[in-house]
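# Descriptive structure summary
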Amino acid sequence: MATLDSNKVTGVSTAINATDAAYRQYVDDFPSVPSRTGNSGNFLLYYHADYWILRTAGTTASLNNVVYTSGKTEPYVVAGDIGVLNTSTNGIQWTLRTSGATANYTALVYENNAYLSGTVGGGLRYSTDAIHWTLRSSGTAQNINDIVYVSGATEPYIFVGYNGVLRTPTDAISWRLRTAGTGAALDLNAIVHTSEQTNPYIVVGQTGIILTSTNAIQWSSRTAGTTASLYRDWE
């Protein structure tokens, strides 16, 4: 958890804890709306450097993920505990959507004109508008911790999760289990795709595990120099 200086947050008198994992900085799409989500439905909307405004998302559930999608009627989407999934046109007024999930949302991504969300227990849902959601079979009952989409890849969607779960599909419908190469059922916490040419895919997780891959199919274990669990750093 990261603590924000209350002097830089409009609408509150004490410092606020915000979920680091839910930080998104969509500078290319809309540079004035990076945001953080937090406990009790708190939503921090960023307008200028070091300046935050507290918003409420219309729920008391903890919020875990947020995306902004340029060009959509309701470009803001937040997902959280107990299946909460809300959308907004402006980041101020929020509408609760029925996604069919009751488990905590743990991952949310928008790419290729579609949303893909993951939950505790391996729930996976797909939507083109963030309003109507379709259940997909993920092929696992393990928690889904992170999802990434890589444009142009043969299997563009990838998700990682508990107990070494790493799966890819060609279409976000039929998912294939991949061998992560951890040597043990370690939790995988985050995945990124980089511009690095040799091993553009990087996964991090429990006990300092780092995995790299050229194609998201064959994976190699790397030495991180730590036994601490590793997570994505959005900042």
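In what follows, the accompanying structure is described.

Basis of the calculations
Residues numbered from 1 in each chain as written. Predicted model: local features only at pLDDT ≥ 70, side-chain atom pairs only at ≥ 80, totals over all residues. Heavy atoms only, no water. Salt bridge = Lys/Arg side-chain N within 4 Å of Asp/Glu carboxyl O. Helix = DSSP H or I, 4+ residues; strand = E, 2+ residues; numbered from the N terminus. Buried < 20%, exposed > 50% of the residue type's maximum accessible area, 1.4 Å probe, protein only. Pairing = 2+ DSSP bridges. Axes fitted to C-alpha atoms, helices over the stretch in contact; angles between N-to-C directions. Phe/Tyr/Trp six-rings, centres within 6.5 Å; stacked < 30°, edge-to-face > 60°. Lys NZ or Arg CZ within 6 Å of the ring centre and 35° of its normal.

Turning our attention to the pattern of salt bridges. Counting across every chain of the model gives 3 salt bridges. The salt bridge involving Glu155 is made with Arg176; its shortest N-O contact spans 2.8 Å. In this pair, Glu155 sits in the loop between strand E15 (144–149) and strand E16 (157–161) while Arg176 sits in strand E18 (residues 175–177), placing the two residues 21 residues apart along the sequence. On the basis of relative accessible area, Glu155 is assigned to the buried category, the value being 10%. According to the relative accessible area criterion, Arg176 is partly exposed, its value standing at 37%. When the shortest N-O distance is used, the salt bridge between Arg178 and Glu155 registers 2.8 Å. One end of the pair, Arg178, is in the loop between E18 and strand E19 (188–193); the other, Glu155, is in the loop between E15 and E16, with 23 residues separating them in the sequence. Bridged by salt links that share partners, the residues Glu155, Arg176 and Arg178 form one connected network.

Backbone hydrogen bonds hold the strands of a sheet together, and the pairing may be parallel or antiparallel. Read from one edge to the other, the open sheet built from 4 strands follows the order E15-E16-E17-E18, with strand pairing classed as antiparallel. Each edge of the open sheet carries a strand with a single partner, namely E15 and E18. Taken over all neighbouring pairs, the strand axes of this sheet differ in orientation by 25° on average, direction set aside.

Right, let's talk about the pairing of E16 for a bit. In terms of burial, E16 is a largely internal element, 5 of the 5 residues being buried. By the alternation rule, side chains of E16 split into Tyr157, Phe159 and Gly161 and Ile158 and Val160, which are all buried. Where E16 meets strand E17 (residues 166–169), 2 bridges bridge the pair, whose relative direction is antiparallel. Bridging across to E17, Val160 finds its partner in Leu166.

We now examine the packing of aromatic side chains. Throughout the structure, instances matching the rule amount to 7 aromatic pairs. Their ring planes at 65° and their centres at 6.3 Å tell us that Tyr201 and Trp219 sit as a pair that is edge-to-face. You can see Tyr201 sitting in strand E20 (residues 201–205) and its partner Trp219 sitting in the loop between strand E21 (210–213) and strand E22 (220–222), a full 18 residues away along the chain. Overall, the relative accessible area of 10% leaves Trp219 in the buried class. Site record: aromatic cluster; members linked through ring pairs are Tyr68, Tyr76 and Trp94. Above the ring of Tyr126, the side-chain terminus of Arg136 is found at 4.6 Å from the ring centroid.

For the rest of this paragraph, the subject is the sheet that holds strand E10 (residues 94–96). Spatially, 4 strands are ordered E7-E8-E9-E10 in an open sheet, and the strand pairing comes out antiparallel. In this open sheet, the two edge strands, each paired with only one partner strand, are strand E7 (63–68) and E10. Strand after strand, the sheet turns through a mean of 25° between neighbouring axes, direction not considered.

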